[in-house]
Every structure is written in C-alpha cells, then in structure tokens.
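Chain by chain, the residues run as shown.
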Amino acid sequence: MNVNKKHYRTIWVKEGNEKIIQIIDQRSLPYKFIIEDLKSVDDFVRAIKEMHVRGAGLIGAAAGFGMYLAALNNDDLNKAGEKLKATRPTAVNLAWAVDRQLKAIENAEDKVKITLETAKNIADEDADFCKKIGEHGAKIIEKISKKKNNGLVNILTHCNAGWLAFVDYGSATAPIYAAHGKGIKVHVWVDETRPRNQGARLTAWELLQQGVPHTIISDNAGGHLMQHGLVDICIVGTDRTTYTGDVANKIGTYLKALAAKDNNVPFYVALPSSSFDWKIKNGIKKIPIEQRGDEEVKYAQGLVNSQIKKVLLAPKDSPAANFAFDVTPRRLISGLITERGVCKANEESILNLYPEHKYG
Ligand code: MRU
C-alpha cells in the first residue's frame, strides 16, 4: 500500500544486496517512518519479539526470511526454526512459515537458493491472498451499502489487521480498501486497542495514508455505538482460527463480538489460510495466549516535543497483567472471509472450502 503516495510492502529483499532484508520498524509509527536492515536470524528473532514487525501474516513472512538468512549464514536450520517459533506463541503463521521452509529444504542441495525462493513465495502468496480477501469482503460491504439510504457503511475494526500486519493490503482492511476503491462510501471506527494501541497508531495511520474516512475510538466505545445503530458491520483479523471456527485475535475482540451479537451487527473475521490451525478443535481451551510484560499496560508511548517518549499511567508499584489475545467462540461469528471466499465459522463450512484438510 502507499506511504506518501509511494508503494511499499512491509518486508522485502534490499535492492542490490540479497544478504539484507528490509522491514518497516513499526514501533516508531505513526511518528516516524524508519526502514531497518536485518542481516541474521537473530535480528529477526529480536524484531519479532520486540514487535518491530507484528501481525500474524507479517510475522509469518518474517519467519520465512529469517530462515533464509539462517541458511545464508550457515546456521543450524532446525535450531533457527525453534528460536523463531519461540518468539510469539499465538499467531500460527509463524510456525507454519518455519515448517514450510524446513519442508522445502528436505533433500535440497542449495539451501540458500531454496529458502530465498520459499521466503519470497510466502510473501507473494500473503499479498495475493489478502488481495483476494479484499475482493470477497467488498461484496459484503457493497450489499450493506445498497440497503442504506445514504449508502454509507460504518465498519468497526479492532487492533491492526491492515497491510502493516501482512505483506500488503491486510486482512480486515482489504475489503475496506477494495470497497473504497470501487467508490462505495465507507467510514471506519478504529478501536484504539490498548495496551500497545495498534489501532490508534497503525490502523489510523494506514487509513489516513489511503484516504479512507475513519474515527479513532476508545476501546470501550464500540458497544455504545452499536446500540445506537452507528456500526453496520465489524471486520477483524485473527492470529489463529481453529478448523472448527474459534478465533484468537487481539485482546478485546471477544467483547466486541458479544456486543455485536446483542445488537444484531454482523461480525466477520478476515483471514488467509495461513492463519488456520488444522489441528486444534477447541480454541478457548487449546490456543496458547501470549502474556506480555506489564510495562505495556502501565506505560503509554507517544510524541512529546517531537520525541517518542513513554509515560507512566498507573502507580509504579501496582502489578498489571497483559494478556495479548482472547478467543471469540464460533457462535458469535457471522462468517470468515478467506482468499477462497466466505464461509461460516464452523467445521463443515471451513472444510468444504479447504477439502485438502478434511483428513488432517
Ligand atoms: O500483537 P500484534 O500487534 O501482533 O497483534 C495483531 C493482531 O491481533 C491482529 O489483529 C492480528 O494479527 C490479526 S491480522 C494479522
């Protein structure tokens, strides 16, 4: 997508130097646009753990390129894969990308060549799948628009499931960008998404760059807006969705889904197939939920006199808990928007769309 009218992906091979992978350091957005060079698998481990890159699709693509740099630097690829997998536990894309690389190099003579090819394929596929999610999801938005007198569709989204969370286009934002591109009137309610404020910092910045009308709201505002008919549809992303339709996403997603159900607001989840977990049946019991440091809850980051600073929000000595994700059960979800089309959030419907996973 565009940054100051120039097209960027979120991760790419440096022009003229295949030993360097470049990323956008998302910790500095929206205040500064910084491109970072990564040269080793350990650079990637740090970048994923400390969230220079984040979002399910992008950390999958990052793991793919991390494995390539491990091959380039002659590292033990199994160990590199373990290190990458241990960085963040909830998004299944990470392990999926590492396993795809390990499979690709089985019997390969030139591991560097194969891992580079595979990393590029993972990234291209991610962008392509997100584009298709956009095409399928835009039809849902268009249908709602046709039913409204003024044609304006109010969409609520949580966290950042935009192009910054993927390689391009995003999952939850792809239908929004596609609908906006077709001239359908859209307005996005952007949940700020404490504690790291990926909504306020990243989704709002993305939408601003693409010229999509939006309003940032506090995390607790969604229910009120839904009660007053100000939300026509919720679209969120996911870090892991079970083959039975339970959805893990950024903490607070479950509460939005409950409010949507209570107010008859359709609640959709957009995802590429790399975010499905084909093994786990019960999402609430089995999806590992990342717990992060309490400083993310007790402090907030912002711009003070042109410098990025952290400020303390709470008593320094109060303990805080930081559960990064929650699981929305399938019964609260109206549908899943995938690269292959829209399906219901249940085992039968998901496996009909992905029959190759019917037997494990
Ligand atoms: O902790 P983050 O910023 O990696 O979490 C991102 C989200 O929760 C997104 O909504 C999610 O990854 C789904 S879309 C990729």
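Note that the structure is a prediction, hence the values are computed from the model and not measured. (Residues numbered from 1 in each chain as written. Predicted model: local features only at pLDDT ≥ 70, side-chain atom pairs only at ≥ 80, totals over all residues. Heavy atoms only, no water.)

Chemist: So what's going on with the domain arrangement of the chain? Residues and values would help.
Modeler: Assigned domains within the chain: domain 1 (2-124) and domain 2 (133-357). The interface is formed by 34 residues belonging to domain 1 together with 34 residues belonging to domain 2. Overall, the association of domain 1 and domain 2 removes approximately 2,900 Å² of surface from exposure, summing both partners, and the carbon and sulfur fraction of that is 54%. Broken down residue by residue, the surface that domain 1 buries against domain 2 is led by Tyr31, Arg54 and Thr90, which jointly contribute 23%. In this structure, Glu290 engages Arg88 in a salt bridge whose closest nitrogen and oxygen atoms are separated by 2.9 Å. Taken together, the links from domain 1 to domain 2 amount to 20 residue pairs in polar contact (both at pLDDT 80 or more). Take the side of domain 1 that touches domain 2: its biggest share by element is 4 residues, from helix α2 (residues 56-72). (Domains from an automatic or database assignment. Contact = heavy atoms within 4.5 Å. Buried area = accessible area lost by both parts, 1.4 Å probe. Salt bridge = Lys/Arg side-chain N within 4 Å of Asp/Glu carboxyl O. Polar contact = N/O pair within 3.5 Å; in protein donor to acceptor, adjacent residues only side chain to side chain. Helix = DSSP H or I, 4+ residues; strand = E, 2+ residues; numbered from the N terminus.)

Chemist: Before we move on, can you summarise the sheet that holds strand β5 (residues 35-38) with the specific residues and values?
Modeler: A sheet is described by the order of its strands in space; here 3 strands give the open sequence β3-β4-β5, paired in antiparallel fashion. Two strands close off the open sheet at either side, each with one partner strand: β3 (11-13) and β5. Going across the sheet, the axis of each strand differs from the next one's by a mean of 30°, ignoring polarity. The pairing of strand β4 (residues 21-24) with β5 spans 4 bridges and is antiparallel. Residue pairing in the sheet places Ile21 in a bridge with Leu38 of β5. On top of the sheet, α2 reaches β3, β4 and β5; it is set at about 25° to β3, its chief contact. (Pairing = 2+ DSSP bridges. Axes fitted to C-alpha atoms, helices over the stretch in contact; angles between N-to-C directions.)

Chemist: Quick rundown of the packing of helix α5 (residues 111-147) against helix α6 (residues 173-181)? Include the residues and the values.
Modeler: Following both chains from N to C, one finds α5 and α6 inclined at 65°, their axes separated by 7 Å at the closest point. Compared by their axis directions, α5 and α6 come out roughly perpendicular. Here α5 and α6 pass one another in a crossing that is right-handed. Here α5 contributes Cys130, Ile133, Gly134, Gly137, Ala138 and Ile141 to the contact with α6, which in turn contributes Ala174, Pro175, Ile176, Ala178 and Ala179. Looking at the contact of α5 with α6 residue by residue, the classes come out as 9 nonpolar, 2 polar and no charged. (Parallel < 35°, antiparallel > 145°, perpendicular 65-115°, else oblique. Left-handed = near helix turned anticlockwise from the far one by under 90°. Nonpolar A, V, L, I, M, F, W, Y, C, P; charged D, E, K, R; others polar.)

Chemist: Go over the side chain of Ser275 with me, naming the residues and quoting the values.
Modeler: With respect to the element layout, Ser275 can be found in the loop between β12 (267-270) and β13 (276-277). The class of Ser275 is buried, set by a relative accessible area of 0%. Setting aside anything within four residues of it in sequence, one finds Ser275 in contact with Ala56, Val92, Asn93, Thr238, Asp239, Arg240 and Thr241. (Buried < 20%, exposed > 50% of the residue type's maximum accessible area, 1.4 Å probe, protein only.)

Chemist: Please set out the packing of aromatic side chains residue by residue, giving values where relevant.
Modeler: Under the definition given, this model contains 6 aromatic pairs. Members of the aromatic cluster, connected to one another through ring pairs, are Tyr8, Trp12, Phe33 and Trp205. It is Lys250 that lies over the ring of Phe325; its NZ or CZ is 4.2 Å from the centre. (Phe/Tyr/Trp six-rings, centres within 6.5 Å; stacked < 30°, edge-to-face > 60°. Lys NZ or Arg CZ within 6 Å of the ring centre and 35° of its normal.)

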